Each structure stands twice: as C-alpha cells, then as structure tokens.
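This is what each chain is made of:
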Amino acid sequence: MKKKLPTLYIGDLKVDPPIIQGGMGVRVSRSGLAAAVANEGGVGVIAGVGLGKFENRPGSEFESLNNDALREEIRKARSMSRGIIGVNLMVVLSNYEPLVKTAVDEGIDLIISGAGLPLELPKLVGKKDIKLVPIVSSSRALNIICSKWKRNFDRLPDAVIVEGSKAGGHIGYSYQKVIEGKEPSLDDQIREMVELAHTYDPAIPD
Ligand SMILES: Cc1cc2nc3c(=O)[nH]c(=O)nc-3n(C[C@H](O)[C@H](O)[C@H](O)COP(=O)(O)O)c2cc1C
C-alpha cells in the first residue's frame, strides 16, 4: 500500500506533497522549474544568484541586471502557477540585500537563505507576510540566528533547512572529518535542532 507523505505546514502555507525544490543557482532553477513544482503542490524555488544577461556588460550594471532578472523570473513563475513560490538567496552574495528587497517587493511567499547566517533578514523583510527559512548546518548556527532574530526583531524562523555533512554545496563541515566519519549524522543534527527549537517555542512539533 502506498503511504502518503505528511503534509508540511510552514506557517499558513500548506505544502502537499511536502517537497521544497532545492534552489540551484546560475540560471538552473528559474521560473519554469519553480512553477512546475508549485503546480504539483510543492514549494518551487527560484535561485537568485547569477540571473541576468550581464556577460559583456559593465560590472556597474550587474546589480540592476540581476535584480531585474529576479523580478522577471518571479513574475513569470506567478503567471504560470498559483502555488507556493520562494527564492533562494545566498547571504554571501555581495548584492544579497538588493535581491532580498526585490523578492520582498514582488511579494514572494518565502525566502530561503544559506551560505552564511541571515542575521539581518527580518529587518530587510519588515512586516510583510513572507516566510523566512534559513539553511543551517549546526545547532550552534541555528541558535545564533534564533537568539539574534528574537532579540533584535522579535521573530523566529518559519522553518529551517538542515544541511547534513553529506549534502552538496557550500556547507560548513570539514572534508577530513566527513571522510573519517567524525561529523555528526543528519539524524543527530536534526534531533539537536528540534530540542533547541523547543527552547524557543515549546509548541513546535517534534
Ligand atoms: C546546480 C546546483 C546549483 C545550486 N545552487 C544553489 C544555490 O544557489 N543556493 C543554495 O543554497 N543551494 C544551491 N544548491 C544546493 C541545492 O539547493 C540543494 O540543497 C542540494 O542540491 C541538495 O539537495 P539534493 O540532495 O536534492 O541535490 C545547488 C545545487 C546544484 C546541484
């Protein structure tokens, strides 16, 4: 018998099937993929890094070309889907803030941010109903984000993406320790982070 996966709730967003498509930068996950995933009930994610036809253009135009292209991709995705559309914006980007502002102006449903700690994200988003989802690879990083967000903005993440030591991408683990099996397992990481989340909000489900 087929077992149905449990529905994922991120605040009032209902994600069914509970799939968040990974953001893939430099024009890999754009409006077409994001809208297709959103049309199936998942979260479609447009990656903000490297969008725009900035090749052979002066460097001074990069920021505005990147912003315009993100805006266009969000609008295109909205024109193809009424489902949940998010953006993946890496904190390490030199133009992180303008990209966040563009996504906020376009009324994106959620912002996923890794490759650094998105400590100022709630300030950039303000009072708009946009779900904020940090990507973290340790409970220490999550604790820093939660304590700063709580203290400075009276806000906590709406969801958290836990990046295990075997994930690809820009992750915060030592290669040597990973191959020696000395990094904690993803299951241990998740358990630790759920415990930590309960210290901030006991109502969070296990
Ligand atoms: C081509 C490619 C580009 C990616 N770009 C980003 C990115 O811009 N930002 C990010 O946070 N993760 C990026 N990732 C990581 C993915 O979002 C995802 O977390 C990772 O691929 C693990 O998921 P998987 O096991 O389903 O592949 C990228 C992955 C791939 C394969």
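Just above sits the structure.
Treat the numbers as computed from the prediction; the structure is a model and nothing was measured.

A. A look at the pairing of strand E3 (residues 43–47). Here E3 lies mainly inside the structure; 5 of its 5 residues are buried. Judged by which residues are buried, E3 turns out to be covered on both faces: Val43, Val45 and Ala47 on one side and Gly44 and Ile46 on the other are all buried. Where E3 lies against strand E4 (residues 84–88), 5 bridges are found, and the strand directions are parallel. Looking at E4, one finds that Val43 is bridged to Ile84. The handedness of the E3 to E4 crossover, carried by helix H2 (residues 62–80), is right-handed.

B. Representation of unusual backbone geometry. Omega for the peptide link from Asp16 to Pro17 comes to 10°, which places this bond in the cis form. Tracing the chain through its elements places Pro17 in the loop between strand E2 (13–15) and helix H1 (31–39). A positive phi angle is found at Asp154, which is not glycine, with a value near 50°. Mapped onto the secondary structure, Asp154 falls in the loop between helix H5 (139–153) and strand E7 (161–162).

C. Up close: the pairing of E4. Extensive coverage of E4 is indicated by the burial of 5 of its 5 residues. Burial along E4 is two-sided: the residues Ile84, Gly86 and Asn88 and Ile85 and Val87 are all buried. Both E4 and strand E5 (residues 110–113) contribute to a ladder of 3 bridges, which runs parallel. Each residue of the ladder has a partner; that of Val87, found in E5, is Ile111. With helix H3 (residues 96–105) bridging E4 and the parallel E5, this β-α-β connection has right-handed handedness.

D. Representation of the sheet that holds E7 within the structure. The sheet built from 5 strands is open, its strands ordered E3-E4-E5-E6-E7 with parallel pairing. Two strands bound the open sheet, and with one partner strand each, they are E3 and E7.

E. Representation of the nonpolar core in the model. Membership of the largest hydrophobic core comes to 43 residues, with the highest contact counts inside it found for Ala103 and Ile111. When neighbours within four sequence positions are excluded, Ala103 is seen to be in contact with Leu70, Ile74, Val87, Leu89, Ile108 and Ile111.

F. The arrangement of the packing of H1 against H2 in detail. Two elements in contact, H1 and H2, have axes whose closest approach is 9 Å; the angle formed by their N-to-C orientations is 35°. As for the relative orientation of H1 and H2, their crossing is right-handed in sense. Contacts between H1 and H2 involve Ser31, Ala34 and Ala35 from the first element and Glu73, Lys76, Ala77 and Met80 from the second. Across the contact of H1 with H2, the residue classes break down as 4 nonpolar, 1 polar and 2 charged.

G. Broad picture of the packing of H5 against helix H7 (residues 186–200). Where H5 meets H7, the axes come as close as 10 Å, and the angle between the chain directions of the two elements is 15°. Classified by the interaxial angle, the pair formed by H5 and H7 is roughly parallel. Handedness of the H5/H7 crossing: right-handed. Contact with H5, carried on its side by Ser139, Leu142, Asn143, Cys146 and Lys150, involves Glu192, Met193, Leu196 and Tyr200 of H7 and no other residues of that element.

H. Local environment of H2. Relative to the 27 Å expected for 19 residues at 1.5 Å per residue, H2 spans 27 Å between its end C-alpha atoms, a close match to the ideal helical length. By the burial criterion, the buried members of H2 are Asn66, Asn67, Ala69, Leu70, Glu73, Ile74 and Ala77. An end-on view of H2 places all buried positions within 165° of arc, on one side of the element. Residues of H2 that are exposed and angled more than 90 degrees away from the buried face: Arg75 and Ser79. Contact partners of the buried residues in H2: H1, E3, E4 and H3.

Calculation rules
- Residues numbered from 1 in each chain as written.
- Predicted model: local features only at pLDDT ≥ 70, side-chain atom pairs only at ≥ 80, totals over all residues.
- Buried ≥ 20, exposed ≤ 12 C-beta atoms within 10 Å, placed from the backbone.
- Helix = DSSP H or I, 4+ residues; strand = E, 2+ residues; numbered from the N terminus.
- Pairing = 2+ DSSP bridges.
- Right-handed = clockwise from strand over helix to strand, strands pointing away.
- Core = buried A, V, L, I, M, F, W, Y, C linked by C-beta atoms within 7 Å.
- Contact = placed C-beta atoms within 7 Å.
- Axes fitted to C-alpha atoms, helices over the stretch in contact; angles between N-to-C directions.
- Left-handed = near helix turned anticlockwise from the far one by under 90°.
- Nonpolar A, V, L, I, M, F, W, Y, C, P; charged D, E, K, R; others polar.
- Parallel < 35°, antiparallel > 145°, perpendicular 65-115°, else oblique.
- Expected span 1.5 Å × (residues − 1).
- Arc of directions from axis to C-beta.

Function cannot be inferred from these measures alone, as they are strictly geometric.
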